[in-house]
Amino acid sequence: MKKIGIMTTGGDCSGLNTVINRIVLGACARGWRTFGIIDGTDGLCHMPANAIELTPESIPIENARLAGSFLHNGNSGIMNFEIAVKMGKIAQFNRNLKRSLSTLKLDALILVGGNGSFSLAYKNNDIYSNLSLICIPKTIDFDIPLTDRTIGFDTAVNELVKYCDQVLLTARSHHRWFVVQTMGRECGRLALNAGVAIGADAIIIPEIKFNIDDLVKHIRCVHRDYGIIMVSEGITLRGHSGRPADMISRALTAAGITNRAAFPDYIQRSGDTTAADRITATKMVACALDAIENRETNVMTALRGGECVTVPLAEFYAAGDISRDPNIPDLCTSNAYVEPDDPLLDAACAMDIYIGEMK
Ligand code: F6P
């Protein structure tokens, strides 16, 4: 009988509990035991590891739709990779992780994380050398290369749509524009998808240069005196500082356009998991369990045209743009961004949405 572990790391998102639920159901169907590691690597580096056995009876099916992770994501500030590096204790931290995994006697570990966690797992691979490591991509930012979807992205887009649909009503009442700031780090996919879905009049993302005068001109030409300008948190505006939506808002005010900045913030990581995210979670877990059965290791599950496949972590790492943390040499992350040939950009332009300086 195999023993498998699940660990959720990085920022939370909706869909993590679906993944946990599906792992437990799928593992039980194969006659395997499942252990949930509490608090990500924080819990794993404890001696003994902070882990509980999960069974279909112990995790109510209705919890599978709820946002967040009932195993928690760590970052409690007690101990994690960054803290270990800062304290000069990274070798000991890695040793503890490896020792905990061998104490738990796991045959496999399913790491549900983002590009930071996967990059770290790839770079510090020795920790997982005695078991099968399968990574399942989750993030609202959708900044992981080589997969058509990440768990949590669809729910985040839907939460933004719900938020903007409501904001638009107050915008209409007051003849006002709203500059809505989305999450996404340096990747504009969340802003782009949500902006197109709500019919924003402008979408500003980090990947595409924009010009504030052109934006003002565009807004003045819109046949309404209200609407939404979607702005990704990763953008910058030369000569200005502060939160991106505030910067754009001030520039619009200076140009005589009545507006407010709005911040949906952490509701993007919340909300009941959409059907699309639940289906993605189910496909990815089925693929992960097959991969364990087939003794694969150091792979990530990836959706490709509706089918779920495994991709070696080495390929994931090589495919992305690497961003480096100058203070932590080991903290190089493989990132995906909106590509200039993304068909959604063309569709947005066809609707006369201002996107910036498209070639
Ligand atoms: O990576 C997910 C994400 O929600 C980003 O979109 C956002 O910038 C960040 O995490 C916020 O992180 P924190 O939880 O540390 O505030």
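Residues numbered from 1 in each chain as written. Predicted model: local features only at pLDDT ≥ 70, side-chain atom pairs only at ≥ 80, totals over all residues. Heavy atoms only, no water.

Draft legend 1. Representation of the sheet that holds strand β9 (residues 259–262) within the structure. Ordered in space as β7-β8-β6-β9, the 4 strands form an open sheet in which the pairing is parallel. Each end of this open sheet is capped by a strand with a single partner; those strands are β7 (202–204) and β9. Sheet twist, expressed as the mean angle between neighbouring strand axes with direction ignored, is 20 degrees. Looking at chain direction, β7 and strand β8 (residues 227–232) are connected through 3 bridges and run parallel. (Pairing = 2+ DSSP bridges. Helix = DSSP H or I, 4+ residues; strand = E, 2+ residues; numbered from the N terminus. Axes fitted to C-alpha atoms, helices over the stretch in contact; angles between N-to-C directions.)

Draft legend 2. Region of interest: the pairing of strand β1 (residues 3–8). Across the 6 residues that make up β1, a large majority, 5, are buried. The β-α-β motif built from β1, the intervening helix α1 (residues 16–29) and the parallel element strand β2 (residues 33–37) has right-handed crossover chirality. In terms of strand pairing, β1 meets strand β4 (residues 108–113) through 5 bridges, oriented parallel. Paired with G5 across the strands is L109, a residue of β4. (Buried < 20%, exposed > 50% of the residue type's maximum accessible area, 1.4 Å probe, protein only. Right-handed = clockwise from strand over helix to strand, strands pointing away.)

Draft legend 3. Up close: the packing of α1 against helix α10 (residues 275–293). It is at 9 Å that the axes of α1 and α10 come closest, and there the two elements cross at 40 degrees. As far as their axial angle goes, α10 and α1 are oblique. Note that α1 runs across α10; the crossing there is right-handed. Contacts between α1 and α10 involve T18, V19, R22, I23, G26 and A27 from the former and R278, A281, T282, V285 and L289 from the latter. (Parallel < 35°, antiparallel > 145°, perpendicular 65-115°, else oblique. Left-handed = near helix turned anticlockwise from the far one by under 90°. Contact = heavy atoms within 4.5 Å.)

Draft legend 4. Inspection of the environment of S249 at higher detail. Position of S249 among the secondary structure elements: in helix α9 (residues 244–254). As for S249 and T274, which are separated by 25 residues in sequence, their C-alpha atoms are 32 Å apart. Look past the residues within four positions of S249 in its chain and what remains in contact with it is V179, N259, R260 and A261.

Draft legend 5. Region of the structure containing α1. Counted at 1.5 Å a residue, the expected span for α1 with its 14 residues is 20 Å, and the 20 Å between its end C-alpha atoms agrees. Within α1, 10 of the 14 residues are buried, leaving the element largely enclosed by the surrounding structure. L16, N17, T18, V19, I20, N21, I23, V24, G26 and A27 are the residues of α1 that are buried. Check the buried side of α1 and you find it contacts β1, β2, β3 (51–54), β4, β5 (132–137) and α10. Just past α1, the residue G31 takes up positive phi, approximately 80 degrees. (Expected span 1.5 Å × (residues − 1).)

Draft legend 6. Seen up close, the site of the ligand. The environment of the ligand is made up of I140, D141, M183, G184, R185, E233, Y266 and R269. A distance of 2.5 Å is found between an oxygen atom of the ligand and a side-chain nitrogen or oxygen belonging to E233. At a separation of 2.9 Å, an oxygen atom of the ligand approaches a polar side-chain atom of R269. The protein chains hide 68% of the 400 Å² of surface that the ligand would expose on its own. Taken together, the residues of the shell around the ligand sort by class into 3 nonpolar, 1 polar and 4 charged. (Near = heavy atom within 4 Å. Polar contact = N/O pair within 3.5 Å; in protein donor to acceptor, adjacent residues only side chain to side chain. Areas by Shrake-Rupley, 256 points an atom, 1.4 Å probe, with all protein chains shown as cover. Nonpolar A, V, L, I, M, F, W, Y, C, P; charged D, E, K, R; others polar.)

Draft legend 7. Expanded view of unusual backbone geometry. For the bond running from M47 to P48, omega is 0 degrees, close enough to zero to count as cis. Looking at where P48 falls in the secondary structure, it is placed in the loop between α2 (40–44) and β3. The phi torsion at D265 lies on the positive side, around 50 degrees, for a residue other than glycine. Mapped onto the elements, D265 comes out in the loop between β9 and α10. With a relative accessible area of 38%, D265 lands in the partly exposed category.

Draft legend 8. Looking closely at a negative patch on the surface. Where like charges cluster on the molecular surface, the negative patch consists of D321, E339, D341 and D346. Position of D321 among the secondary structure elements: in strand β12 (residues 321–325). Look at D321 and you get partly exposed, because its relative accessible area is 46%. (Patch = residues over 30% accessible without salt bridge, like charges linked within 9 Å, V, L, I, M, F, W, Y side chains within 5 Å. Salt bridge = Lys/Arg side-chain N within 4 Å of Asp/Glu carboxyl O. Lys, Arg positive; Asp, Glu negative; His and termini not counted. Charge placed at Lys NZ, Arg CZ, Asp CG, Glu CD.)

Draft legend 9. A look at the pairing of β5. Summarising burial for β5: 6 of the 6 residues are buried, a large majority. Across 6 bridges, β4 lies against β5 in parallel orientation. Bridge pairing links A108 to S132 in β5. Two strands pair when backbone bridges link them, and β5 and strand β10 (residues 299–304) are joined in this way by 2 bridges, in the parallel orientation. Residue pairing in the sheet places I134 in a bridge with V299 of β10.

Draft legend 10. Spatial organisation of the packing of aromatic side chains. Using the criterion set out here, one finds 3 aromatic pairs in the structure. A ring pair is formed by F118 and F316, whose centres lie 5.9 Å apart and whose planes are at 75 degrees; its orientation type is edge-to-face. Remark: F316 occurs in helix α11 (residues 313–319) and F118 occurs in helix α5 (residues 115–123); sequence separation between them is 198 residues. Lying across the ring of F142, R189 places its NZ or CZ 4.1 Å from the centre. In this structure, R224 is placed above the aromatic ring of Y226, and the distance from its NZ or CZ to the ring centre is 5.6 Å. (Phe/Tyr/Trp six-rings, centres within 6.5 Å; stacked < 30°, edge-to-face > 60°. Lys NZ or Arg CZ within 6 Å of the ring centre and 35° of its normal.)

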